[in-house]
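# Structural characterization, general
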2 protein chains.
Amino acid sequence: MDVILIAVIVVALATIGFVAHNYYKIKRMDEGTERMSEIAEAIRIGANAFINYEYKIIAIVAAIVAGVLGVLVCWEQAVCFVLGACMSAIAGYIGMKVATYANVRVSNAARTTKKLGETLKVAFRGGSVMGLSVAAFALVGMVIIYVVFGKGLGYMEAEAIQNNATNWLGISYTPFTQCLSGYALGCSFIAMFSRIGGGIYTKAADMGADLVGKTEATIPEDDPRNPATIADNVGDNVGDVAGLGSDLLESFVGSIASAVMLGVFVVLKGANVPFEILDKLFYYPLIFVTIGLVSCVIGVLFLLIKKASENPHKELNFATWLSAGLTVVFGLVATLVIFKDVDAAVMQNMGFTLGAWSPWAAAALGVASGILIGVFAEYYTSYDYNPTRLVAHAAEDGAALTITQGMAIGMKSCMAPLFVLAGTLAIAYYTGGFFGVAMAGVGMLSFVGITVSVDTYGPISDNAGGIAEMSRLEPKVRAITDELDSVGNTTAAIGKGFAIGSAAFATLGLMISYIFSFSGEAITLENVAMNIIDPLTLAGALVGAALPYLFSGMLIDAVAKAAKKMVNEVRRQFKEKPGILTGEEKPDYRTCIEISSHGALQEMRVPAIMSIVFPLASGFLFGPWFVAGVLMGGTLSAIMLAIFTGNAGGTWDNAKKYIETGAIEGSGKGSRAHKSSVVGDTVGDPLKDTVGPSLDILIKIMSTVSLVAVPLFNQFNLISLFIK
Amino acid sequence: MDVILIAVIVVALATIGFVAHNYYKIKRMDEGTERMSEIAEAIRIGANAFINYEYKIIAIVAAIVAGVLGVLVCWEQAVCFVLGACMSAIAGYIGMKVATYANVRVSNAARTTKKLGETLKVAFRGGSVMGLSVAAFALVGMVIIYVVFGKGLGYMEAEAIQNNATNWLGISYTPFTQCLSGYALGCSFIAMFSRIGGGIYTKAADMGADLVGKTEATIPEDDPRNPATIADNVGDNVGDVAGLGSDLLESFVGSIASAVMLGVFVVLKGANVPFEILDKLFYYPLIFVTIGLVSCVIGVLFLLIKKASENPHKELNFATWLSAGLTVVFGLVATLVIFKDVDAAVMQNMGFTLGAWSPWAAAALGVASGILIGVFAEYYTSYDYNPTRLVAHAAEDGAALTITQGMAIGMKSCMAPLFVLAGTLAIAYYTGGFFGVAMAGVGMLSFVGITVSVDTYGPISDNAGGIAEMSRLEPKVRAITDELDSVGNTTAAIGKGFAIGSAAFATLGLMISYIFSFSGEAITLENVAMNIIDPLTLAGALVGAALPYLFSGMLIDAVAKAAKKMVNEVRRQFKEKPGILTGEEKPDYRTCIEISSHGALQEMRVPAIMSIVFPLASGFLFGPWFVAGVLMGGTLSAIMLAIFTGNAGGTWDNAKKYIETGAIEGSGKGSRAHKSSVVGDTVGDPLKDTVGPSLDILIKIMSTVSLVAVPLFNQFNLISLFIK
């Protein structure tokens, strides 16, 4: 089966080649006027400085974690952890880097070509670097693990997976699954810091800029007179590009890892499943996502090569549908080839009720539900639909009703995606057993390359608009970037829905793997269970359900604190240099960037550390079942809160934009309704861009940490001294 | 054991006598000036009209439900359902009635005595009618069920409990447990309509009055020129008095019923528990709450008789602590008497690890945690502490930061009470098994008489302040009622925490009973389990977790819609009769009352019906395990959301009050900070007074409905046609 790994690595490396091509293609483009170069340079320096500093902190903490893992569990896991962290960091770094080149080139394309279609291509090319890097680098790491730690590979060696090793503490563990979970943890680790740090950075800058700029000084967004405006643009790159990329890379890896682990469990713990099957279940998830990556490259190429139309929304949707469609079609062929010769009775024993089609059906369902969840997010947050228009109309009656109405919509928007998730889960299980559930997650993430490309296009266009505004380019340029940006807002909402859905599936897969991995020898596929009314488990679920709320509250506080500092700085500059507002003096952008940067790095520590320490402390105090409860309660609670905050924030943002289009009679910019909608938008900002995305990470990292540490606290925990 | 039932009924009837005494004592007091009488009369008429109309609707729906129960399950259950509905309706009616008498007499006491202590006594006497009625009427119904449907009583007849009956549909059921769940359902039923209807009424009026009055016309709260002001005062009576009373009556009954049912299961399904024990477990919860009722009567009497001090907060706290303390002490004596002669081995088999002390320890833990949860709620919402002061200071930077900061505090406030709940649950279980868990709930609710008395005192004082304002009484009077009202705000926050905590425990008890009652013959205490990673159960949990959000969103919409109508009416009156604002013309209070009333009755239907239909539809489509998932996911999600909305709303309300005290330099009434805090308060109003309390009901009624209908959908469900 070595040929499979060779194929996977060839695809991954070829994709990285394509990424490099796009990277340099972007870099070689013209930056435009001197003023544009200057602003872009400032954004780039700010972004680089932040990410370098952030990565330094991460490196230190990661070294400690790796050391602890190496000592307490096994060195293989420590190595895989570092590998995961490196892959994620590299992908995030490249993606952010190119975004800071692409932004100004998008403004320049708009300036020189005056064509929407051409400008879109530049932005999308920039986005595709992040998107394709996510899948490609994740796969490179996976192949390394398979080759180095899967050893000889093939079912003959599969017994090695079964045989537990024992470390010097007397803790028994399974090397290969520990490697997978270590790798996933490495990715989680980067994602957590990037998402939380980036999320705090971007919203501290944004809120700080808005609170003084729009509300007190009444100057428009991205106005060069606002000292916080460069920091705001830096924030888009570190939060929405690097943060999002590492978030989805984590989901991608998490879902593949859990599918592979569950594949192992199906063979080892299922009744009457021969060892030969292991090979198939082992490679199948990897093959499926490789097919997905190929499809995404085709989708990206197609959009870049074809004649540019003037409808960016249609173009992006088409690329997404094409990639998803190809993944499903190619996936079917591969699935039938792989599973065609499996005995019908074995299929039944694995829970493959549809025969060879089963794992494909589950994965295809995942693809479909990923798209569907995105569509629901669009419905609730785009101003083309009723919900957001309702919020815009509520703004006519003041800020209080704007907030109230937006909250109501955020709350109501939870049911539809959860229905999809629940349906996908149940059908995937009855189609392909627990492996089917994991494959639904893999399917949902298989076309991550294109979804992240489309998502990253948004902040690049946003930045491009900012640069156009700050460089005082002609209105036509701004009109083009505004149109791209407004599409970007919708894609961002869809992307957020997708991120939550995929995080939920990755987490469910990891959670089931967790339960399998400590439930002991007697467990089989038929009797694996998590008894939620066991008092200790239920207690865990109660506390776990409160955790996302605590975490969210802390994050909002963090943003508010950092934003407050920004507000004071902007006020100080306006006061000390009255010439700034008249355009006679230049504001000091640098101090604002430092405040955001410093605030984010300082404020991210407690929530980040909490999300690692909480499951560990729970495990060592109250044992593995309590942790299982924490994971379950936490996941249920976090999914809701993430959808609520994401959609409420999205609807407030777009309600403001709707009012700004002048669609409501008598309520344009500066009207009472507009002012109310700005309040809504400001409230929504930290919710949708800091809290929501960080919740995705919270549940993933908690389950990964638990999975990594389960051999430890399965053996040592305080409560076992008191209760049998 | 008949002597026990006689004792219970004697206590209940004696309490009702005491309630009647207080009722007439209040009624005989002087109403004060003619203007005061007139306003009180208007409030009374409005409240009566609403509750009469509401009860008419309830009666129709209840008749249908009773009919369905009688036909599909058994006539005994239908009768008990009607009994529960009647008991709850009577208690709510009396409580609300006396509140509408007491309000004006409190203003008058303040006017004539000018003494805080004397005024407090009048308000508290009024509140005690509702508080003691809750426990007394609930117990009367309980005794009737024991006598009529428990038949001969005593363990000899206990076999009747074991023998299932079969109805004409071939559905087997256990008459006595069906009677208990039917009774609980009747109480749930009234609670749901009262809480939702009352919640929408009170906040539609409040928001409507505030949005135009405070924000547009800038007249103070309760100003007689505001046409919505009487409706606002009516709202306090129908929402905060009748709604709260029926809510806690439901928790009270739910927790007793689940304890009795779990007692039955302990004997029937536990290994080696002799039948003689049934008698004890059967009566023990009833005895404990009767002791609680006696203690509450003592607490009430003590406060009414002793020399009045000038510190209302201290007085109320003392009465609560006294009642709770006496319950715990008397409870201990009773427990030891009842369980002293039980064999140690039997104790062990029942899970009573502390011997005869076990059920008492669990109940005492419940008492303590009920108080503790209230204390946390106070910490997060009272302006004596940091969190609310932070919100007040955030208001200096505008409405957006006020909202953001309040949300952060609401979110962070979830962890502490959940920690208490989780700890109580686990310790209660390891002390007294599942029966212990249910007894913790019973303990928490055993002193419901005093908590509801203290809670009801709040809206009475609030109304008294309104009447003083509208009657233009001298400032000293208003100062006294304001002081009482501000204490009332804190007690309301504590009461809300308590309501959620007790609802959570009642629901957990009901949920465990639910699982026991359909898990079949093979189940024993040792192997009862709910496998949350069973895909169908997990799918249920996912959908269930989304339900409270959908429900909350709908309720906010309902309030906003009704408030919007009120706003239009108030604007219309101000516009058509400019004399209202100058005081030359009288506003038309009646139409505003009608708008609130009509809006509430119309808007409550969909959410109320949804909370009944959702578990039923789930059960008939996807079977009992899916429903179990819905209950679990729904409960976890609803508890968080209820605490979040309750505390966020409370902190916004009190941050506004803090600013109004002038404690922040340069920010008094009318300042920018004050305006921002009014936005916060308006956003929080429907959250804390409509959404939060209704969520308590949602989880209770869903579990009660499921418990009642489980024999039906255990037998008939669609999914069983497809999956084994």
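Just above sits the structure.
Here goes a summary of the coordinates provided. As the structure is a prediction and not an experimental result, all values here were calculated from the model.

### Overview of the overall build of chain A
Looking only at helices and strands, chain A has 21 helices and 2 strands in total. Relative to the compact-globule value of 27 Å for 724 residues, chain A shows a C-alpha radius of gyration of 25 Å, a close match. Taken along its principal axes, the extent of the C-alpha atoms in chain A is 75 × 60 × 45 Å. In chain A, which comprises 724 residues, the share counted as buried stands at 70%. Residue pairs in contact within chain A that sit at least 24 positions apart in sequence constitute 86% of those at least 6 positions apart. Within chain A, one finds 48 positive and 57 negative side-chain charges whose respective centroids are separated by 5 Å.

### Some remarks on the packing of helix α2 (residues 34–72) of chain A against helix α7 (residues 229–269) of chain A
All names here are of chain A. Where α2 contacts α7, the axes come no closer than 9 Å and their chain directions differ by 50°. When the interaxial angle is binned, α2 and α7 end up oblique. Viewed along their axes, α2 and α7 form a crossing whose handedness is right-handed. Facing α2, whose interface residues are Ile 39, Ala 42, Ile 43, Gly 46, Ala 47, Phe 50 and Ile 51, α7 presents Ile 230, Asn 233, Val 234, Asn 237, Val 238 and Ala 242. Considering only residue class, the contact of α2 with α7 consists of 10 nonpolar, 3 polar and no charged.

### A word on the environment of Ser 706 of chain A
Residue and element names in this part refer to chain A. Topologically, Ser 706 is positioned in helix α21 (residues 672–715). A residue is classified by how much of its surface remains accessible, and Ser 706, at 0% relative accessible area, is buried. Taking C-alpha positions, Ser 706 is 33 Å from Phe 339, a pair spaced 367 residues apart along the chain. Leaving out residues up to four positions away in the same chain, Ser 706 has contacts with Tyr 514, Pro 615, Val 627, Leu 631 and Phe 713.

### Details of the packing of aromatic side chains
Given two aromatic rings, their pairing is described by the distance between the two centres and the angle made by the two planes. Taken as a whole and assessed by the stated rule, the structure comprises 54 aromatic pairs over all chains. Centroid distance Phe 189 of chain B to Phe 193 of chain B: 5.3 Å. Interplanar angle 65°. Geometry classified as edge-to-face. Placement of the pair is Phe 189 of chain B and Phe 193 of chain B together in helix α6 (residues 175–216), with a separation of 4 residues, close to one helical turn. As far as the burial class goes, Phe 189 of chain B and Phe 193 of chain B line up, both buried. Grouping aromatic residues by their ring pairs yields a cluster made of Phe 265, Tyr 429, Tyr 430, Phe 434 and Phe 516 of chain A.

### Overview of the side chain of Thr 119 of chain A
Locating Thr 119 of chain A in the fold gives a position in helix α4 (residues 116–149). Ignoring sequence-local partners within four residues, the contact set of Thr 119 of chain A consists of Val 106, Ala 109, Ala 110, Thr 113, Ile 480 and Leu 484 of chain A.

### Here we look at unusual backbone geometry
Residues and elements named next belong to chain A. The phi dihedral of Lys 114 is positive, around 55°, even though this residue is not glycine. Within the secondary structure, Lys 114 is located in the loop between α3 (75–113) and α4. The class for Lys 114 is partly exposed, based on a relative accessible area of 31%. Phi is positive for Arg 472, close to 55°, though the residue is something other than glycine. Structurally, Arg 472 can be placed in the loop between α15 (448–470) and α16 (475–518).

### Side note on the pattern of salt bridges
All names here are of chain A. By the definition in use, this model includes 61 salt bridges over all chains. Put simply, Lys 657 and Asp 653 hold a salt bridge, and the shortest N to O gap is 3.1 Å. Here Asp 653 and Lys 657 lie together in helix α20 (residues 605–660), a separation of 4 residues that amounts to about one turn. Classification of Lys 657 by relative accessible area gives partly exposed; the value is 21%. In this structure Asp 653 comes out as buried when scored by relative accessible area, which is 7%. For Asp 685, the salt bridge goes to Lys 688, with nearest N and O atoms at 3.0 Å. Here Lys 688 and Asp 685 lie together in helix α21, a separation of 3 residues that amounts to about one turn. By relative accessible area, Asp 685 is classed as buried at 3%. Judged by relative accessible area, Lys 688 falls into the buried class, the value being 8%.

### A short note on helix α12 (residues 386–394) of chain A
Every buried residue of α12 of chain A is accounted for by Pro 387, Thr 388, Val 391, Ala 392 and Ala 394 of chain A. Down the axis of α12 of chain A, the buried set is contained in an arc of 160°. They therefore lie on one face.

### What about the nonpolar core?
Membership of the largest hydrophobic core comes to 575 residues, with the highest contact counts inside it found for Tyr 183, Tyr 514 and Ile 532 of chain A together with Tyr 183, Tyr 514 and Ile 532 of chain B. Not counting chain neighbours up to four residues away, the residues in contact with Tyr 514 of chain A comprise Pro 624, Val 627, Ala 628, Leu 631, Ser 706, Leu 707, Val 710 and Phe 713 of chain A.

### Thoughts on the relation of the copies chain A and chain B
Screw-axis analysis of chain A against chain B gives a translation of 0.0 Å along the axis, an RMSD of 0.0 Å, and a rotation angle of 180°. The symmetry that links the two subunits is that of a two-fold axis. Distance from the rotation axis, computed per C-alpha, reaches its smallest value in chain A at Asn 531 of chain A: 2.4 Å. Here 100% of the interface residues in chain A have copies in chain B that are interface residues too; the copies meet face to matching face.

### Details of the interface of chain A and chain B
Counting residues at the interface gives 68 residues for chain A, matched by 68 residues for chain B. When the two sides are added together, the surface that chain A and chain B hide from each other amounts to roughly 6,400 Å², 81% of it contributed by carbon and sulfur. Here Lys 564 of chain B and Asp 397 of chain A are joined by a salt bridge, their closest N and O atoms 2.2 Å apart. Remark: the boundary between chain A and chain B carries 14 residue pairs in polar contact (both at pLDDT 80 or more). Those elements that place two or more of their residues in the side of chain A that touches chain B are α6 (175–216), α13 (399–412), α14 (415–446), α16, α17 (535–576), α20 and α21 of chain A. With 20 residues, the single largest contributor to the side of chain A that touches chain B is α17 of chain A. Here the side of chain A that touches chain B is built from residues that sort into 53 nonpolar, 8 polar and 7 charged.

Definitions and cut-offs
- Position numbers for residues start from 1 in each chain and track the written sequence from start to end.
- Throughout, the order in which chains and ligands are written sets their labels, letters from A for the former and numbers from 1 for the latter.
- Only residues with pLDDT of at least 70 get local features here, since the model is predicted, and only at 80 or more are side-chain atom pairs given and counted; chain-wide, interface and lining totals rely on the full set of residues.
- Here the side-chain values reflect all heavy atoms present in the structure, with hydrogen atoms and water set aside.
- Each helix corresponds to a stretch of at least 4 residues labelled H or I by DSSP, and each strand to a stretch of at least 2 residues labelled E; elements are numbered beginning at the N terminus.
- Every radius of gyration here is taken over C-alpha atoms, with the globule rule written as 2.2 Å times N^0.38, N being the number of residues.
- Think of it in three bands: residues with accessible area under 20% of the maximum for their type are buried, residues over 50% are exposed, and the middle band is partly exposed, with areas taken using a 1.4 Å probe on protein chains only.
- Any two residues whose heavy atoms approach within 4.5 Å are treated as being in contact.
- Charge counting treats Lys and Arg as positive and Asp and Glu as negative, with His and both chain ends excluded.
- A single reference atom marks each charge: NZ on Lys, CZ on Arg, CG on Asp, CD on Glu.
- Note on geometry: axes are lines fitted to C-alpha atoms, helical ones only across the stretch in contact, with angles between N-to-C directions running from 0 to 180 degrees.
- For classification purposes, angles smaller than 35 degrees are called roughly parallel, those larger than 145 roughly antiparallel, those between 65 and 115 roughly perpendicular, and all remaining angles oblique.
- Left-handed describes a crossing whose near helix is turned anticlockwise from the far helix by less than a right angle; the clockwise case is right-handed.
- Under the convention adopted here, Pro, Cys and the residues Ala, Val, Leu, Ile, Met, Phe, Trp and Tyr are nonpolar, Asp, Glu, Lys and Arg are charged, and Gly plus all remaining residues are polar.
- Two aromatic rings from Phe, Tyr or Trp, using only the six-membered ring of Trp, form a pair when their centres are within 6.5 Å; if the ring planes differ by under 30 degrees the pair is stacked, by over 60 it is edge-to-face, and anything between is tilted.
- Within this document, salt bridges are pairs made up of a side-chain nitrogen of Lys or Arg and a carboxyl oxygen of Asp or Glu, the two lying within 4 Å of each other.
- The directions from the helix axis to the C-beta atoms are what the arc is built from.
- What we call a nonpolar core is a set of buried Ala, Val, Leu, Ile, Met, Phe, Trp, Tyr and Cys residues that are connected through their side-chain atoms within 4.5 Å.
- What sets the superposition is a least-squares fit of C-alpha atoms, and only residues with pLDDT of at least 70 in both copies go into it.
- Buried area adds together the accessible area that both of two parts lose upon being put together, with accessible area traced by a 1.4 Å probe.
- Definition of a polar contact: a pair of N or O atoms within 3.5 Å, with one able to donate and the other able to accept a hydrogen when the atoms are protein atoms, and with sequence-neighbouring residues admitted only if both atoms are side-chain atoms.

Everything listed here is a matter of coordinates, which is why it stays silent on function.
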